[in-house]
Amino acid sequence: GYGDGLPAIVRRRHGAGGVTTIGCPVDRPTWLRLVAAEAGAAGLAPTADGDPEVVVAPRAGRDGALAGWVVVNLAERPRRIALPAGGTDLLTGTA
């Protein structure tokens, strides 16, 4: 069939970085393991504890210091996470 004999995953290193291309469908647990492995290899660690369907991205101010986080829930229902420090929700005003 289509793709027989071709690689399912290709990794290309370039300088200090690289790119990994996945050319096949993978189930959710496999996808999460692949992302965690790639992030770990790049020296990245989770910013927050909680549900893997919540994206937490730190944001820096003009001075380069941490200004807060962008939090995006990719799930279809509410999820809980724990940020490394308190803050104020800019949409609701709650702390």
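Here the structure is a predicted model, which means the values were calculated and not measured.

Draft legend 1. A look at the overall build of the chain. Along the backbone of the chain there are 1 helix and 6 strands. When the helices and strands of the chain are listed from N to C terminus, the series reads β-β-α-β-β-β-β. Radius of gyration (C-alpha) of the chain: 18 Å, far over the 12 Å computed for a compact globule of 95 residues. With the principal axes as the frame, the chain shows a C-alpha extent of 55 × 35 × 20 Å. Residue burial in the chain is summarised as follows: out of 95 residues, 6% are buried. Carbon and sulfur atoms make up 57% of the accessible area of the chain, which totals about 8000 Å².

Draft legend 2. Spatial organisation of a nonpolar patch on the surface. Judged by side-chain polarity, Val 26, Trp 31, Leu 32 and Val 35 come together as a nonpolar surface patch covering roughly 310 Å² of accessible area. Inspection of the secondary structure assignment puts Val 35 in helix α1 (residues 28-41). The exposure class of Val 35 is partly exposed, given its relative accessible area of 39%.

Draft legend 3. How the structure looks around the pairing of strand β2 (residues 17-22). Where strand β1 (residues 9-14) and β2 come together, 6 bridges link them in antiparallel fashion. In the strand pairing of β2, Arg 11 is matched with Thr 20.

Draft legend 4. Structural context of α1. Its 14 residues place the ends of α1 20 Å apart at the C-alpha level, agreeing with the 20 Å of an ideal helix rising 1.5 Å per residue. Note on α1: the residue one or two positions beyond its end, Gly 43, has a positive phi of about 80°.

Draft legend 5. Quick peek at the side chain of Glu 53. Inspection of the secondary structure assignment puts Glu 53 in the loop between β3 (49-50) and β4 (54-60). Polar side-chain contacts of Glu 53 include one of 3.2 Å to the side chain of Arg 28. Engagement of the side chain of Glu 53 in a polar contact is seen with the side chain of Arg 79, the distance being 2.8 Å. In contact with Glu 53, other than residues within four places in its own chain, are Arg 28, Val 72, Asn 73, Leu 74, Ala 75 and Arg 79.

The rules behind each value
Residues numbered from 1 in each chain as written. Predicted model: local features only at pLDDT ≥ 70, side-chain atom pairs only at ≥ 80, totals over all residues. Heavy atoms only, no water. Helix = DSSP H or I, 4+ residues; strand = E, 2+ residues; numbered from the N terminus. Rg over C-alpha atoms; globule rule 2.2 N^0.38 Å. Buried < 20%, exposed > 50% of the residue type's maximum accessible area, 1.4 Å probe, protein only. Areas by Shrake-Rupley, 256 points an atom, 1.4 Å probe, with all protein chains shown as cover. Patch = residues over 30% accessible without salt bridge, like charges linked within 9 Å, V, L, I, M, F, W, Y side chains within 5 Å. Salt bridge = Lys/Arg side-chain N within 4 Å of Asp/Glu carboxyl O. Pairing = 2+ DSSP bridges. Expected span 1.5 Å × (residues − 1). Polar contact = N/O pair within 3.5 Å; in protein donor to acceptor, adjacent residues only side chain to side chain. Contact = heavy atoms within 4.5 Å.

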